[in-house]
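Residue-level listing of the chains:
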Amino acid sequence: MSTTAPAPAHADHAAAGHGHHELPFLRKWVFSTDHKVIGLQYLFCCLFTLMVGGLLALMVRWQIAYPAGAKPTEEQVQELRSRGLTGAELDAELAKIDNDRPFPILGELLWGEHLEPELVNAGEVGEAGVFGNSNGMMPAEWYNVAFTMHASVMIFLVIIPMLTGAFGNWVIPLQLGAKDMAFPFLNGLSFWTWICAVLILFASFFVDPAGIGAGAGWTSYPPLSDVVTPTAGPGQTLWCIGVIIGGTSSIMGSMNYITTIVNLRAPGLSLFRMPLTTWAAFITSILQLFATPVLSSAMAMLLFDRHMGTSFFLPEGLIFTGETVPNAGGGQVILWQHIFWFYSHPAVYIMILPAMGIVSDVIAVWSRKPIFGYRPMVYSMSAIAGLGFVVWGHHMFQSGMNPVLGTTFMISTIMIALPSAVKVFNWLGTLWGGQITFSPAMLFALGFVSMFVIGGLSGIYMANAPFDIFIHDTYFIVAHIHYVLFTGSVMGIFSGIYHWFPKMFARHMNDAWGKVHFWLTFIFMNGVFFPMHIIGLGGYPRRYASFRGYDFLAPYEGMNVFMTWCAILLGLSQFIFLANFFGSLLFGKKATSDNPWHANSLEWSTQTPPPHGNWIGPVPTVYHGPYEYSNPNCKEDYAPQWMPMQTIYGGSTAAAPAAPIVATGGTPPPPHPAH
Amino acid sequence: MKRMHDKTLWMLALGIAGVAISAACGGGESRSRKSIRGGAENPTAANAPAAGDGAAAAQSGGLKKVDPATAGSITGVVKWDGARPAPEALDLSGNPDCAKAVKETIYKEDLVVNADNTVANALVSIDTNDRYEVPAEPAVVDQVGCRYIPHVFALQAGQKLKIKSSDPTLHNVHYIPTGDENTEDNFAMPAPGVRERTFNSADWIKFKCDVHPWMGAWAAVKTHPFFAVTGTDGKFTIANVPAGTHTLVLKHESLGEQTATVTVEAGKVATAEFTLKK
Amino acid sequence: MQQVRPPEFGEAWKWWLPPHYSSFGDEVDTLFHWIFWITMVTFVGVELVMLYFCFKYKRNPARKATYTHGSHSLEVAWTIIPAVILVALGVASTKTWATIKNPTDSDYPQEFQTTVKIVAQQFAWNVTYAGDDKTLGTDDDFTETNILNVPFEPIDAEGNATTEENVRVMLTSQDVIHSLFIPVLRVKQDAVPGYLGNVWFDVQRMTSPGPDKKHLTGDSRYSEDGRTLIDWEESYEIACAELCGLGHSQMRMQLKAVPRADWEAWSHTKSAAAKARAAAK
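Residues numbered from 1 in each chain as written. Chains lettered and ligands numbered in written order. Predicted model: local features only at pLDDT ≥ 70, side-chain atom pairs only at ≥ 80, totals over all residues. Heavy atoms only, no water.

Examining the overall build of chain B
Our working definition: Helix numbering and strand numbering both begin at the N terminus, where a helix is a DSSP run of H or I of at least 4 residues and a strand a DSSP run of E of at least 2. Between buried and exposed lies partly exposed: a residue is buried under 20% and exposed over 50% of the maximum accessible area for its type, with that area taken using a 1.4 Å probe on protein chains only. Two residues qualify as a contact provided that any one of their heavy atoms is within 4.5 Å of a heavy atom in the partner residue.
When its secondary structure is counted, chain B shows two helices and 18 strands. Relative to its 278 residues, chain B shows a buried fraction of 48%. Relative to all contacts within chain B whose residues are 6 or more apart in sequence, the contacts with residues 24 or more apart total 66%.

Regarding the pattern of salt bridges
We count it as follows: Any Lys or Arg side-chain nitrogen found within 4 Å of a carboxyl oxygen on Asp or Glu counts as a salt bridge.
A full pass over the atoms with the stated rule returns 25 salt bridges over all chains. Glu93 of chain A serves as the salt-bridge partner of Lys96 of chain A, at 3.1 Å between the closest nitrogen and oxygen. Taken together, the residues Lys96 of chain A and Glu93 of chain A, both in helix 5 (residues 87-96) and three residues apart, mark about one turn of the helix. Given the relative accessible area of 35%, Lys96 of chain A is considered partly exposed. The partner of Lys95 of chain C in a salt bridge is Asp107 of chain C, with the nearest N and O atoms 3.8 Å apart. Note that Lys95 of chain C is positioned in helix 3 (residues 72-101) and Asp107 of chain C in the loop between helix 3 and strand 1 (114-121), a separation of twelve residues in sequence.

Some thoughts on the state of the cysteines
The line we're drawing: When two cysteine sulfur atoms lie within 2.5 Å, the pair is treated as a disulfide.
If you walk through the whole model with that rule in mind, you get one disulfide over all chains. One disulfide in the model links Cys98 of chain B with Cys146 of chain B; its S-S distance is 1.8 Å. For the disulfide bridge between Cys98 of chain B and Cys146 of chain B, the dihedral angle about the S-S bond is near -85°, and by the sign convention the bridge is left-handed. Taken together, the residues Cys98 of chain B in helix 2 (residues 96-101) and Cys146 of chain B in the loop between strand 5 (139-144) and strand 6 (147-149) connect sequence positions 48 residues apart. A relative accessible area of 0% means that Cys98 of chain B is categorised as buried. Cys45 of chain A takes part in no disulfide bond, and the closest cysteine sulfur, belonging to Cys46 of chain A, lies 6.9 Å away. The class of Cys45 of chain A is partly exposed, set by a relative accessible area of 24%.

Here we look at the packing of helix 15 (residues 440-463) of chain A against helix 18 (residues 511-537) of chain A
All names here are of chain A. Stated precisely, the cut-off is as follows: Simply put, an axis is a line fit to the C-alpha atoms, just over the touching stretch for a helix, and the angle between two N-to-C directions goes from 0 to 180 degrees. If an angle is under 35 degrees, it is roughly parallel; if it is over 145, roughly antiparallel; if it lies from 65 to 115, roughly perpendicular; otherwise it is oblique. As a working rule, the residues Ala, Val, Leu, Ile, Met, Phe, Trp, Tyr, Cys and Pro are called nonpolar, Asp, Glu, Lys and Arg charged, and the rest polar, with Gly in that last group.
Closest axis-to-axis distance for the helix 15/helix 18 pair is 9 Å, and the angle between their directions is 10°. In terms of their interaxial angle, helix 15 and helix 18 are classed as roughly parallel. Two secondary-structure elements touch here, helix 15 through Pro440, Leu443, Phe444, Gly447, Ser450, Met451, Ile454 and Ser458 and helix 18 through Asp511, Gly514, Lys515, His517, Phe518, Trp519, Phe522, Met525, Asn526 and His533. Tallied by class, residues from the contact of helix 15 with helix 18 come to nine nonpolar, seven polar and two charged.

Notes on the interface of chain C and chain B
Which entries qualify depends on this criterion: By convention, the term buried area covers the 1.4 Å-probe accessible surface removed from two parts as they join, with the contributions of both added. Think of a polar contact as two N or O atoms within 3.5 Å of one another; within protein, one of them needs to be a possible hydrogen donor and the other a possible acceptor, and neighboring residues in sequence only count if both atoms come from side chains.
Taken together, the contact pairs 14 residues of chain C with 15 residues of chain B. When residues of chain C are sorted by the area they lose upon contact with chain B, Phe123, Leu246 and Gln250 of chain C head the list and together hold 38% of the total. Seen at the junction of chain C and chain B, the total is two salt bridges. For Glu88 of chain B, the salt bridge identified is with Arg277 of chain C, shortest N-O distance 3.9 Å. If you look at where chain C meets chain B, you find two residue pairs in polar contact (both at pLDDT 80 or more). Of all the secondary-structure elements, those providing two or more residues to the side of chain C that touches chain B are strand 3 (142-145), strand 12 (252-258) and helix 4 (260-280) of chain C. Of the residues in the side of chain C that touches chain B, the class split is four nonpolar, six polar and four charged.

Brief notes about the interface of chain C and chain A
On the side of chain A, 102 residues touch chain C, which itself brings 84 residues to the contact. Across the chain C/chain A interface, buried area totals approximately 8000 Å², and carbon plus sulfur atoms make up 68% of it. Broken down residue by residue, the surface that chain C buries against chain A is led by Tyr67, Trp97 and Leu243 of chain C, which jointly contribute 10%. One can count zero salt bridges joining chain C with chain A.

Thoughts on the sheet that holds strand 9 (residues 197-201) of chain C
Residue and element names in this part refer to chain C. Rule in force here: We treat two strands as partners when DSSP finds at least two bridges between them.
Taken together, five strands build an open sheet; the order of strands is 3-2-1-6-9 and the sheet is mixed. Every interior strand has two partners, whereas the edge strands, strand 3 and strand 9, have only one. Between one strand axis and the next, the sheet turns by 25° as a mean value, whatever way the strands run. Helix-sheet contacts for helix 4 involve strand 1, strand 2 (124-129) and strand 3, and the interaxial angle to strand 3 is about 110°.

A short note on the confidence of the model for chain B
Stated formally: The predictor's confidence in any single residue is recorded as pLDDT, a number from 0 to 100.
Averaged over chain B, the pLDDT score is 79; the fraction of residues at 70 or greater is 78%. Here residues 20-59 of chain B is a poorly scored stretch, pLDDT under 50, and it has 69 contacts once near neighbours within four places are set aside; other chains count.

Remarks on the sheet that holds strand 17 (residues 256-264) of chain B
Residues and elements named next belong to chain B. With respect to topology, four strands assemble into an open sheet ordered 14-4-16-17, the strand pairing being antiparallel. The sheet is open, and its two borders are formed by strand 14 (227-229) and strand 17, each paired with just one other strand. Going across the sheet, the axis of each strand differs from the next one's by a mean of 20°, ignoring polarity. Pairing of strand 16 (residues 244-252) with strand 17, which is carried by nine bridges, proceeds in the antiparallel orientation.

Description of helix 3 of chain C
Put simply, the rule is: Here the expected span of a helix is defined as 1.5 Å times the quantity of residues minus one. To obtain the bend at a residue, axes are fitted to the seven residues ending there and to the seven starting there, and the angle between these axes is taken.
Helix length check: helix 3 of chain C, at 30 residues, gives a terminal C-alpha distance of 42 Å against a target of 44 Å (1.5 Å per residue), a fit within 8%. Maximum bend of helix 3 of chain C: about 25°, positioned at Thr94 of chain C.

Notes on a nonpolar patch on the surface
All names here are of chain A. Applied cut-off: What makes a patch is a set of residues exposed beyond 30% relative accessible area and free of salt bridges, joined within 9 Å when like-charged and within 5 Å when nonpolar (Val, Leu, Ile, Met, Phe, Trp, Tyr). To measure how exposed things are, a 1.4 Å probe is used in the Shrake-Rupley method; for residues, cover is taken only from the protein chains shown.
A surface patch of nonpolar side chains, amounting to about 370 Å² of accessible area, comprises Met51, Leu569, Leu572 and Phe575. For the nonpolar patch, the element with the highest residue contribution is helix 19 (residues 557-587), accounting for three residues. By the element assignment, Leu572 lies in helix 19.

Structural notes on the pairing of strand 13 (residues 216-222) of chain B
Residues and elements named next belong to chain B. The element strand 13 is extensively covered by neighbouring structure, given that six of its seven residues are classed as buried. Pairing analysis gives five bridges linking strand 7 (residues 152-156) to strand 13, with the strands arranged parallel. If you follow Gln156 over to strand 13, its bridge partner there is Lys222. In the sheet, strand 12 (residues 203-208) pairs with strand 13 via six bridges, with the strands oriented antiparallel. Bridge pairing in strand 13 places Asp203 opposite Val221.

Points about the nonpolar core
Counted only if it meets this: Nonpolar cores are built from buried Ala, Val, Leu, Ile, Met, Phe, Trp, Tyr and Cys residues. Side-chain atoms within 4.5 Å join them into one set.
Trp142 of chain A, Phe207 of chain B together with Leu148 and Phe201 of chain C are the most contacted members of the largest nonpolar core, which has 317 residues in total. Ranked by residue count, the leading element in this core is helix 8 (residues 140-176) of chain A, at 25 residues. Residues contacting Trp142 of chain A, with those up to four places away along its chain left out, are Leu56, Met59, Trp111, Phe131, Phe205, Ala210, Gly211 and Ile212 of chain A.

Considerations on the packing of aromatic side chains
Here the distance between the centres and the angle between the planes together describe a pair of aromatic rings. Selection rule: Only Phe, Tyr and Trp rings take part, Trp by its six-membered ring, and two of them pair if their centres are within 6.5 Å. Stacked means planes under 30 degrees apart, edge-to-face means over 60, and tilted covers everything else. Criterion for a charge above a ring: Arg CZ or Lys NZ at most 6 Å from the ring centre, at most 35 degrees from the ring normal.
Considering all chains together, one arrives at 90 aromatic pairs over all chains under this definition. Between Tyr129 of chain C and Trp266 of chain C, the ring centres sit 5.1 Å apart and the planes meet at 85°, which makes this aromatic pair edge-to-face. Here Trp266 of chain C lies in helix 4 and Tyr129 of chain C lies in strand 2, a separation of 137 residues in the sequence. For Tyr129 of chain C, a relative accessible area of 1% gives the class buried. Joined through ring pairs, the aromatic side chains of Phe44, Phe444, Phe494, Tyr498, Phe501, Phe505, Phe518, Trp519, Phe522, Phe577, Phe581 and Phe582 of chain A make up one cluster. Sitting above the plane of the Phe181 of chain C ring, Lys188 of chain C keeps its charged end 3.9 Å from the centroid.

Considerations on the environment of Phe494 of chain A
Residues and elements named next belong to chain A. For Phe494, the position within the fold is in helix 17 (residues 475-505). Since its relative accessible area comes to 4%, Phe494 is described here as buried. For the pair formed by Phe494 and Ile358, sequence separation is 136 residues and the distance between their alpha carbons is 9.9 Å. Leave out the neighbours within four places in its chain, and Phe494 touches Phe444, His517, Gln574 and Phe577.

Notes on unusual backbone geometry
Of the consecutive residues Pro222 of chain A and Pro223 of chain A, the connecting peptide bond is found in the cis state with omega at 0°. The omega torsion across Ile149 of chain B and Pro150 of chain B is 0°, close enough to zero to call that bond cis. Along the polypeptide, Pro150 of chain B turns up in the loop between strand 6 and strand 7. Unusually for a residue other than glycine, Ala506 of chain A sits at a positive phi of about 60°. In this structure, Ala506 of chain A sits in the loop between helix 17 and strand 3 (507-508).

Looking at the pairing of strand 9 of chain C
All names here are of chain C. Burial within strand 9 is extensive, with four of its five residues counted as buried. Alignment of strand 6 (residues 167-173) against strand 9, held across five bridges, turns out to be antiparallel. Bridge assignment links Met170 to a residue of strand 9, and that residue is Asn198.

Re helix 17 of chain A
Counting along an α-helix, one turn takes 3.6 residues, and residues three or four places apart therefore face a common direction. Its axis deflected by about 45° at His499 of chain A, helix 17 of chain A carries its strongest bend there, up to four residues before the proline Pro502 of chain A. Of the residues one or two after helix 17 of chain A, Ala506 of chain A is the one with positive phi, at around 60°.

Here it is in structure tokens:
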């Protein structure tokens, strides 16, 4: 349907209005086709999966700080010596020292009672936990599951659906002036498909008596993930299925966003009048549409290898525990890495571009400034997306890939720092000369910019192939990805939530607690992730269940404990957010204005919260770009897109309309179809 | 048009969610662990009563029980024919924590010939599939000094096995059944620590630590208690054997199997002898 | 080439890169230092500017925000300048990369004094040495688990190698992907099943005390003449850097670098025993 085709707007409005009132609860809030409801469903589900992913992160961190088998410390030995113990007596006392630290509460619940060393030495076994009995301590095989699922949950069930599902759904049609998505049914289907992926991925924990789900890392390199073994059993299979289904949901969503953005823009809303959040969503959707099928095909091949006797990734003569793997032969191990990273590198941009879009909008609104270099921002996002498809090899510098390719990928990867740098400079340019208000949304946006710089710059270390030899697969890369995805994407998500909350729920979040949440998050996340650079420089390999036994890792024990406690505090700080979020939802200050932040983009033009169909009556017409802040020709420091500047703000004498602004008021909009 | 969409969405969402949930729950209950060797654990088949003739044994809950009044014992020795192979010492310098934990030199254990030319670590058992009562006390295998102790051991199907680690280093226990009924598993040992497992079918199971490749053990799982493992004197004694004629089977990890026939009389000691060679 | 004296084990290592003992370690670390300073200047610059803007442009009703949609010349400047720096960095790195990894490059060593084959498995390294005949795949080969002994490359106090001692490792795996990671040599290469990878390194060690009477590691374990030796109990740790299963963190190996003569003696003993065993069978 063309955006300019005339249609009887009033009839449509009436229909939409009636439909809204007649909808039963389940149709309205559960199996909804309204993009706003679906967006909020994603938002709430992602808050839940975020807690699961966060808990897994804490368990991972706990294991790194307190792995099983801690020897008596020097102080403990000295203490015993000072009591006059020597020889066999000393040994006996030392054997009684218990330095194991089971994960609080969950440790004993999952892995059984923790017994004194004396009892263990006597062969006693405590009461078993849910996942069997290993003295309350997380076993190494479960540690692999923990970090695999932490990454999978955070990537597939939190960040991607939060950014594209929650914000994409909720914001895109509103910013476009569309009454809903192009395919509302597909939209609902996409959400419920994603829910299936969530259930299947979570189910992978429980298909093995010891809770051994997928434990081959979120990258699932074959042959580790490709041969059915006790530690890569049904959990790994479910993981593959879950990821395929999650990918299907992504594909449905991205097709919908692309179609919506191309076809359902409000009259006058040209592509280069779109807010950057929508631009980012557009580019992200294109990335998703091209990249995700590749991942799905890789997962399908993995499943075939595992269960149907094919050998896509298994070379001849593969020996597992003394026996030749029967179906191995003719496959290529590195093929997986090429296919996987062809998806997964763009996936990193799928996870950061929408956050960049959100942050751009937030910074413009809260510093009352037009985005500095709007077009360069769009071009740089496109460049990041385009280059994103030709840099996957930098994950494979040490994989045995042809070293000549290493040089190629090094150069292309280094080039991707350029558009990222351009974006950062443009954000700084936007701040320059602004009227900055440090609202929680703005604080998180500023946090994003300052921390994304670290994530971006640390990327250059890895992009440099020779130095990557040393830091590849060490904690340096863990630091890098978390600086991009936590201090980047997650900050962007928080920023977006604080920014759009009044529009979503017609209530305000508590500003003071929002600021407390920001500062605690900011401090503790640096406490968690910054030292990772340092231990990475020391060569600390990632995915190690225990550093015990390595002399060269021993110096980092203290730092690991520090990071773990920062992680715990970081986790606790998020409860401030949850309390604020849900408390404000129920008891927050009521929004008195439809446009409380005096913002320009179309989502602020409608009622609060937006009704079914988004606008009562026809959708607004767009007269100019979204970033007309502090235009000297206007009396007010903003110029909503739906107001012609000449008529509403023309000259300093014209009175700017005070909020609330109702879309139907002000200008006579041309007739416009709702769907 | 719109109505139909709504209905379809309902059905589809419900259907997919239902399938996912049932898959999750079903998977959770099955407790199966297929490995590359195939075969899935089946706990219900574990203690299935075996049809027994009950000639010399009383029935007890479907499981046979030995009547001491009608039982005798078997004793014997496993001899070595030929020159005694020199024990091959293991170089542990690549694994410093093992080197620290091990006080004396340790040797390869795939064939241990004692100084008196007898063979250690040979399993001798009676060949029968009758199921006998399972002892309540668990069998124990320990990991100490980066070795499995004992190196060869036997236990009954359904009997608990305590897998201990007394070493300060991390081991993993990887057991690989040669039969089809029990399932392979691989797990890390808390150090020190104890984990429990039960095997439900007769089997000959390889235990290994993948971190310390020389560390290996063999476990014989039997349906009955009539087994013994030779020690440093090459001798074995199987006590409390029902009277009658039995086939005695010797099993050695690197030298295969031998059989002998032996007749046991109540209250008496029968003897048997095996000779192994390269 | 002047050998940069690396920080010693212990505290210094905790906060910085570990010492390096290979001939290319210095090049790798130099690249690191370049990147470090470039990124540090950028980082501090950006953060300071941001903080300054945040304070300077705090909301103030007396002032109006500057109305601008950007600056073409600024955009060009901050695209071109980083581009030049980054490309220069990339070009500067290609040579080091080729030296370490690319066998077709002229800087890649032409000759290897020692060749070993490593077959990784879950969770151990099987190192096969060529033995007396210096050829792999013959009867006098011997295999050690988790022990990588190589001759070191003696260097004088100025840091010049007196003889070449390049070690080639033919690296593969029998089951899953592993990765040979030797932190102090700046070596990392995945061991990929079905593929025989090439890795090379050398271990440089001073044979005479440096100008400050200290040896390369500054460790008192060395005798006065700098001969470091077999009874030297400490050795370099080798880790597995690619997730290979539940024993991943326990998959390690010891690297011992000894003088050529001692290595030959050790190799000969082991090789003779292996040959005898093969003959007996």
